[in-house]
Amino acid sequence: MIAIPFVRSKISAQQLFMLSALVVNGGNYLYNLLLGRLLGPEAFADAAILVTLLLVLSFAAMTFQLGTARFIALLSEEKQPVFLNSIQKWSLRFGLVLGCIFIVFSSFMQEVFQTSSQAMFVVFGLSVPLYFVMSINRGIYQGKEQLMSLAKTYQIEMWSRLVLTLLCILLFKTQPAIGVALGVSLSLIAAQFPRAKDNPKNRRVGVLTQTEQREILQFFVITACYEGTQILINNSDILLVKHYFDAYQAGLYASLALIGRVVYFVAWMFVMLLLPEVVRKHKAGESTHSILFKYVSYISILALSIVAACFLFPNVIVQMMFGEAYVSVSHLLGPYALATGLFAVVNLFTYYFLSLGKYKPVYLSFIGGFLQIGGIILMHNSLEQVVWVQIGSMALLLIIQVLYYLKAYKIHKTA
């Protein structure tokens, strides 16, 4: 038997994770599209509030996930157990406090966001602690670069939310928002698996130095500030529109936001890969600039492609995804996609500097978030104004971030 030589192309774990992330994002969009079509603009406006609150929750929990990932990558194996023990306790405490806030202030939230149900906030609040427990598990996988296990947690969360929410909506036909909240809560229970097998009890436990403790505290505080900025920039527009506009217009805007944000959500898979890779190379004294350029190039090409499609075929995209009832807002799809594309690139720059322990870009982003909110509060005569305020604030923030990068590294070109 004659062996015929051939070239076998192996798919890396990073490539598989990126493919999985695309599937998860596609599933999340399918979830939102089904909600939009099943519920109609008015009822979808309530469901969009829950989806937005879930995004707010994900940003808050990301502080714990990124912190866990960074210090799992930095700390020795002997010191990891004491770090994990502490961070798990704090994440659970924070989740319980935040969940209680949703429950206690549920009637206030119903009034502010003009929703049809108070119970939807109560059900959502009960599930909040689960998200923070899940974030620590994901942080361990991310820090150890166990990308397949990390991908499984996202896959389980997405598919279970898609199926369970649709079933719960059928059970609560007269109160679909409660069905959405219940579906989200049940999916967070399913997403607790698989669990990281790292068991601190079976390992020798080290002691964190005061310097390490200060570094950990500083990173978590700064990252929490930045995730707060993410919440401001990425979610304040939907919440403010729900407050300033009627249910019909808020529902139209929610559909616009869900389509236009596809750039941002796909960009998240690059952030997941960026952080541990930058930390590892920086720890080894290697240059990290090529990593930043690589991911910025990927996101820029992706963003330009999606923004171009949204400008060229807005009616087709909106009608195909949400139906005829939402076509009246299609002229804003391209501008909104441009705003989120700019933010996706800004976000990558900021996480790059966070990975290196440089925090000034976080403060810059915080200012950008307040500029966006202030702009919308001052200029909300129409949905068009709301979108163009975001484009202006994100363009300004990107220019500032690029200038900071050029200034910070003009001398250390090989750092």
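Located above this text is the structure these notes cover.
None of these values were measured; they are calculated from a predicted model. (Residues numbered from 1 in each chain as written. Predicted model: local features only at pLDDT ≥ 70, side-chain atom pairs only at ≥ 80, totals over all residues. Heavy atoms only, no water.)

Caption draft 1: Fine view of the overall build of the protein. For the protein, the helix and strand inventory stands at 14 helices and zero strands. Whereas a compact globule of 415 residues would reach a radius of gyration of roughly 22 Å, the protein reaches 22 Å, a difference of no more than 12%. Counting the 415 residues in the protein, one finds 55% classified as buried. Across the protein, contacts joining residues at least 24 apart in sequence account for 81% of those joining residues at least 6 apart. For the protein, the accessible surface area stands at approximately 18500 Å², while carbon and sulfur atoms represent 68% of it. For the protein, the separation between the mean place of its 29 positive charges and that of its 17 negative charges on side chains is 11 Å. (Helix = DSSP H or I, 4+ residues; strand = E, 2+ residues; numbered from the N terminus. Rg over C-alpha atoms; globule rule 2.2 N^0.38 Å. Buried < 20%, exposed > 50% of the residue type's maximum accessible area, 1.4 Å probe, protein only. Contact = heavy atoms within 4.5 Å. Areas by Shrake-Rupley, 256 points an atom, 1.4 Å probe, with all protein chains shown as cover. Lys, Arg positive; Asp, Glu negative; His and termini not counted. Charge placed at Lys NZ, Arg CZ, Asp CG, Glu CD.)

Caption draft 2: Region of interest: the packing of helix α9 (residues 262–283) against helix α12 (residues 333–355). Taken N-terminus to C-terminus, the directions of α9 and α12 make an angle of 15°; their axes are 10 Å apart at the nearest point. The pairing of α9 with α12 is recorded here as roughly parallel in orientation. Of the two possible hands of crossing, α9 and α12 adopt the one that is right-handed. Along the contact surface, α9 presents Val263, Tyr264, Ala267, Trp268, Val271, Leu274, Leu275, Val278 and Val279, while α12 presents Thr340, Gly341, Phe343, Ala344, Asn347, Leu348, Tyr351, Tyr352 and Ser355. For the contact of α9 with α12, the per-class residue count stands at 14 nonpolar, four polar and no charged. (Axes fitted to C-alpha atoms, helices over the stretch in contact; angles between N-to-C directions. Parallel < 35°, antiparallel > 145°, perpendicular 65-115°, else oblique. Left-handed = near helix turned anticlockwise from the far one by under 90°. Nonpolar A, V, L, I, M, F, W, Y, C, P; charged D, E, K, R; others polar.)

Caption draft 3: Quick peek at the packing of aromatic side chains. One pass over the structure, following the stated rule, counts 17 aromatic pairs. Geometrically, the ring pair formed by phenylalanine 293 and tyrosine 405 is edge-to-face, given 6.1 Å between the ring centres and 80° between the ring planes. Placement of the pair is phenylalanine 293 in helix α10 (residues 289–312) and tyrosine 405 in helix α14 (residues 383–409), with a sequence separation of 112 residues. Among the residues examined, phenylalanine 293 registers a relative accessible area of 45% and is labelled partly exposed. Considering the side-chain rings of phenylalanine 349 and tyrosine 405, the 6.0 Å spacing of their centres and the 70° angle between planes classify their relative orientation as edge-to-face. Of this pair, phenylalanine 349 sits in helix α12 while tyrosine 405 sits in helix α14; the two residues are 56 residues apart in sequence, bridging distant segments of the chain. Looking at tyrosine 405, the relative accessible area reads 8%, which means it is buried. Put simply, the rings of Phe64, Phe71, Phe83, Phe94, Phe132, Phe219 and Phe220 pair up and form one aromatic cluster. Seen from the ring of phenylalanine 71, arginine 70 lies directly overhead, with NZ or CZ sitting 5.4 Å from the centre. One cation-aromatic arrangement involves arginine 93 over tryptophan 90; the distance from NZ or CZ to the ring centre is 4.9 Å. (Phe/Tyr/Trp six-rings, centres within 6.5 Å; stacked < 30°, edge-to-face > 60°. Lys NZ or Arg CZ within 6 Å of the ring centre and 35° of its normal.)

Coordinates in, geometry out; function isn't part of it.
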